[in-house]
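# Examining the three-dimensional arrangement
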Amino acid sequence: MLLQRLVEHADTSRDVIPAFYAYKPVRWTLDLDSDGAPRGDLVNTADKDDPNRQFGEPRLVPTVTRTVGISPSLAADNGEYVFGWQAEDAKPVRVAKQHEAFRALIADWATAEPDGPGPAIAAFYQHGYAAAISPPADWSRGDLIGFSVNGVYAAETPEARRFWAGVAGDRKGSGRTGLCLVCGQVQPLLKTVPQQIPRRWVPGATQSASLVSMNEAVHGYELQKFLTNTPICTDCGLKFMTALTGLLSDPQHSTALPGQNARLAWWVVGGSTFDPWAMVEQLDPTHMRTLIASAAAGVEAVAVDDMSRYCSVTVGGNVARVVVRDWVEQPVRQVKDNLRAWFDDHCIVDAWTGEVVQIKVSQLARAAGRFEAGRNGGPGTWTKFGASGEHRPPDLFHRLLGAALLKRPLPPKLLNHVINRIRIDGRLDPARAALIRLALRRHPTLSQHDRERLTPTLNVENPTRAYVSGRIFAVMDDLQRTVSRVADQKLNTTFAERYFGRAIDNPQVVIVAGRRNVQAWLKRLRGPLRRPTWSQAYERRLDDLFAQLDAIPSQAILTDKANFILGYHQQRADMRTERIAATANKKNTDLPPEPADEAPTTNKEGDDA
């Protein structure tokens, strides 16, 4: 099914790379006129200051897998094939054969496609112009050299594509005809899969990788080499390899992060214009409003979505082999339902703005890693993906994508991992709070009633002991900060910074000890600081919260720890929101106002680490 869907994509997409072509840097170009005469010298297209052109201008180049045999490419190849240039360690006899094979291929092309650029390049050799061109001083053996005729890049012309598809297909064909497993038609069959995927698109591969490879008898069924027992026709082989390579190299249809062990590519067949990437990663507001509004109004593109299917493949690499880690095919309508559930389960209030936000998947994966505090009170940052000591699960990004698009279970250890990072880093922000809420709402042992209590914003009706304890801890911390500001005393370490990690594990010990500090802080507000109404406000809030507890939890289990963190985060956000509304004269509050110059001390959530 994977190969069939890739063939369908190749048949319907305009963006698929032509068969037996690949984007490669072409460093040198030579422009000819219609009679084969050079219109100038070799042009060096490399630009060391441009990361996209360090080794030459990226162009579509005819390509097939080359082993030890002599196998020229059409209209663009290295200096040995194009001009017969010899590097220091080259074998003269072999280089001569390579150059002869390249010229023979050009001559065959000129005969087969007389209306294309082939005759001009053939005339370039026939008239002896090639012998007059010497290798540039900075030429290297691996540099690609491409021809253009009257300014038109020869290898990308329709004539070149047609001729090259036939040549490359003959090279990779088995000489047999049979029933293709992909299309179900009797067609000429391949000997080997015709192309390899560049290693940069396959995490873990150390060289260009093959999707199917049985080049030794021990690799194949009944000790048969090549594709003897896996009949695939030439046409299908060309299409699924070019489609897969194109998808993996397209940033709009694939993604991978440094340090993560796989790359995911996705596409939609059937005519739907649905773009899941705009939902989970770009958080496109237009797409999201349409998704939510269509569900609320019961309006969907019924016919198109019911007939369209979302497809995705996750690949990794092992030396020169592609490892298919996951293959998914689902109706587009089901994926949309999964995305609505994803947003319902992870959206969370931002403790600074008071707004409910969605977090893109890459940021959720980023927030699961180590947080590095800034120097001298400066902004902190997340450890980069793939960096040493990132302490981030290597498959987390793609596991989260699976949870978002396919409603798969979260990694079992994710909740414990995130809680440990919060304790160690002393860092809790919307992304980590969203992971906590997501993991709780999708916890396999949680009842539906308990799931409904886990709202994006503060739920004053949630009686869970750990949740209420987290709210109490947040009010205590806010009280200490208020006392410090009124007294104009700088806090070296806040109540939360000192006790948060311990409170997650055992709220009872910290809250019981904290009540003694609370009494002292309230007394200072009433007396020396002359803020009796503020003292009463805090006292009233704490009394209301303690009244909801029959006992303060101790020795918390994993879900209790998560509920404590969620209660703390949402209580902080609720007090902040209340103050913002009071400042705008939209709501009355008995809380003391927050200083106008207070600002976040860390980077915004969307920033890259």
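Source: prediction; values computed, not measured.

## Some points on helix α14 (residues 430-441)
When the terminal C-alpha atoms of α14 are compared, their 16 Å separation across twelve residues agrees well with the 16 Å that a helix rising 1.5 Å per residue should span. Of all twelve residues making up α14, twelve are buried, and the element is well covered by its neighbours. Every buried residue of α14 is accounted for by Pro430, Ala431, Arg432, Ala433, Ala434, Leu435, Ile436, Arg437, Leu438, Ala439, Leu440 and Arg441.

## Let's talk about the packing of helix α10 (residues 332-346) against helix α12 (residues 396-406)
For the pair α10 and α12, interaxial distance at closest approach is 6 Å and the crossing angle is 110 degrees. Comparing their axes, α12 and α10 come out roughly perpendicular. Between α10 and α12, the residues in contact are Val335, Asn338, Leu339 and Trp342 and Leu400, Ala403, Ala404, Leu405 and Leu406, respectively. Among the residues forming the contact of α10 with α12, the class breakdown is eight nonpolar, one polar and no charged.

## Topic: the sheet that holds strand β12 (residues 263-269)
With mixed pairing, four strands are arranged side by side in an open sheet as β10-β13-β12-β11. Strands with a single pairing partner mark the edges of an open sheet, and in this sheet they are β10 (205-210) and β11 (254-255). In this structure, β10 lies alongside strand β13 (residues 309-331), joined through two bridges in parallel fashion. Note on β13: the bridge partner recorded for serine 210 is arginine 321. Lying on the sheet, α10 is in contact with β12 and β13; it crosses β13 at an angle near 95 degrees. Strands β11, β12 and β13 of the sheet are contacted by α12, whose axis makes an angle of about 15 degrees with β13.

## Remarks on the side chain of serine 484
In this fold, serine 484 is placed in helix α16 (residues 465-486). The exposure class assigned to serine 484 is buried, which follows from its relative accessible area of 8%. At a separation of 2.3 Å, a polar atom in the side chain of serine 484 contacts the main-chain carbonyl oxygen of glutamine 489. Residues in contact with serine 484, not counting those within four places in the same chain, are Gln489, Lys490 and Leu491.

## Quick notes on the packing of α16 against helix α17 (residues 495-505)
Any two packed helices are characterised by how steeply their axes cross, that is the angle between the axes, and by the distance between the axes. The N-to-C vectors of α16 and α17 enclose an angle of 165 degrees; their axes lie 10 Å apart at closest approach. By the angle between their axes, α16 is roughly antiparallel relative to α17. Read as a crossing pair, α16 and α17 show a hand that is right-handed. Two secondary-structure elements touch here, α16 through Phe473, Met476, Asp477 and Gln480 and α17 through Phe495, Ala496, Tyr499, Phe500 and Ala503. Among the residues making up the contact of α16 with α17, the classes are represented as seven nonpolar, one polar and one charged.

## Topic: the pattern of salt bridges
By the definition in use, this model includes 29 salt bridges. Its salt-bridge partner being arginine 27, residue aspartate 143 comes within 3.1 Å of it at the nearest N-O pair. Taken as a pair, aspartate 143 in the loop between α4 (118-126) and β6 (144-149) and arginine 27 in the loop between β1 (21-26) and β2 (28-32) lie far apart in primary sequence, 116 residues in all. Judged by relative accessible area, which is 12%, arginine 27 ranks as buried. Notably, a salt bridge pairs aspartate 505 with lysine 561, separated by 3.3 Å at the nearest N-O pair. Here aspartate 505, found in helix α17, pairs with lysine 561, found in helix α20 (residues 558-583); they are 56 residues apart in sequence, far enough to count as distant. Where salt bridges share partners, they join Arg5, Glu8, Arg309 and Glu329 into one cluster.

## A word on the pairing of β13
Across seven bridges, β12 lies against β13 in antiparallel orientation. Its bridge partner lying in β13, tryptophan 267 is registered against cysteine 311.

## Details of helix α19 (residues 532-547)
Compared with the 22 Å implied by 1.5 Å per residue over 16 residues, the 22 Å span of α19 between its first and last C-alpha is a close match. Taken as a whole, α19 has its buried residues at Trp534, Ser535, Ala537, Tyr538, Arg541, Leu542, Leu545 and Phe546. Angularly, the buried residues of α19 cover 160 degrees about the axis, an arc narrow enough to put them on a single face. Along α19, exposed side chains directed more than 90 degrees from the buried face belong to Thr533 and Ala547. Of the surrounding elements, those touching the buried residues of α19 are α16, α18 (507-526) and α20.

## Remarks on the packing of aromatic side chains
Applying the stated criterion to the full structure yields 18 aromatic pairs. Pairing phenylalanine 124 with tyrosine 125 gives two aromatic rings, centres 5.1 Å apart and planes at 70 degrees, and the pair type is edge-to-face. Across the pair, exposure class does not vary: phenylalanine 124 and tyrosine 125 are buried alike. With a centroid separation of 6.3 Å and an interplanar angle of 75 degrees, the aromatic rings of tyrosine 125 and phenylalanine 147 are classed as edge-to-face. With a gap of 22 residues between them, tyrosine 125 in helix α4 and phenylalanine 147 in strand β6 connect regions that are remote in the sequence. Each member of the pair, tyrosine 125 as well as phenylalanine 147, is classed as buried. Feature note: the residues Phe83, Trp85, Phe102, Phe124, Tyr125, Tyr129, Trp139 and Phe147 constitute an aromatic cluster, connected by ring pairs. In this structure, arginine 59 packs its charged tip against the face of tyrosine 153, placed 4.0 Å from the ring centre. Positioned over the ring face of tryptophan 534 is arginine 531, at 5.2 Å from the centre of the ring.

## Focus: the nonpolar core
Soluble globular proteins: nonpolar side chains tend toward being buried together. Ranked by size, the top nonpolar core spans 88 residues in total, and within it Val280, Trp342, Leu400, Ile436, Ile472, Phe473 and Phe500 carry the most contacts. In terms of residue count, α16 provides more of this core than any other element does, ten residues in total. Counting residues in hydrophobic clusters, the runner-up holds 47 residues, among them Leu42, Ile106, Tyr125 and Ile145.

## Brief notes about the side chain of glutamate 159
Relative to the assigned elements, glutamate 159 resides in helix α5 (residues 158-172). Within the buried core, glutamate 159 has no salt-bridge partner, and the shortest N-O distance to an opposite charge, that of arginine 162, equals 4.4 Å. When near neighbours in sequence (up to four residues on either side) are disregarded, glutamate 159 contacts Trp109, Glu113, Asp115, Gly116 and Pro117.

## Focus on the state of the cysteines
Across all of its chains, the model carries zero disulfides by this definition. Looking at the unpaired cysteine 180, the closest cysteine sulfur is the one in cysteine 233, lying at 3.7 Å.

## Structural notes on the environment of glutamate 57
Among the secondary structure elements, glutamate 57 is positioned in strand β4 (residues 57-62). Note on glutamate 57: relative accessible area 29%, which makes it partly exposed. C-alpha separation for the pair glutamate 57 and tyrosine 23, spaced 34 residues apart in sequence, amounts to 9.6 Å. If sequence neighbours within four positions are ignored, glutamate 57 has contacts with Lys24, Pro25, Val26 and Thr45.

## Overview of the confidence of the model for the chain
On average, the chain scores 85 in pLDDT, and the residues at 70 or more come to 90%. The low-confidence segment residues 599-609 (pLDDT under 50) makes 28 contacts with residues lying over four places distant or belonging to another chain.

Basis of the calculations
Residues numbered from 1 in each chain as written. Predicted model: local features only at pLDDT ≥ 70, side-chain atom pairs only at ≥ 80, totals over all residues. Heavy atoms only, no water. Helix = DSSP H or I, 4+ residues; strand = E, 2+ residues; numbered from the N terminus. Expected span 1.5 Å × (residues − 1). Buried < 20%, exposed > 50% of the residue type's maximum accessible area, 1.4 Å probe, protein only. Axes fitted to C-alpha atoms, helices over the stretch in contact; angles between N-to-C directions. Parallel < 35°, antiparallel > 145°, perpendicular 65-115°, else oblique. Contact = heavy atoms within 4.5 Å. Nonpolar A, V, L, I, M, F, W, Y, C, P; charged D, E, K, R; others polar. Pairing = 2+ DSSP bridges. Polar contact = N/O pair within 3.5 Å; in protein donor to acceptor, adjacent residues only side chain to side chain. Left-handed = near helix turned anticlockwise from the far one by under 90°. Salt bridge = Lys/Arg side-chain N within 4 Å of Asp/Glu carboxyl O. Arc of directions from axis to C-beta. Phe/Tyr/Trp six-rings, centres within 6.5 Å; stacked < 30°, edge-to-face > 60°. Lys NZ or Arg CZ within 6 Å of the ring centre and 35° of its normal. Core = buried A, V, L, I, M, F, W, Y, C linked by side-chain atoms within 4.5 Å. Lys, Arg positive; Asp, Glu negative; His and termini not counted. Disulfide = S-S within 2.5 Å. pLDDT = per-residue confidence, 0-100.

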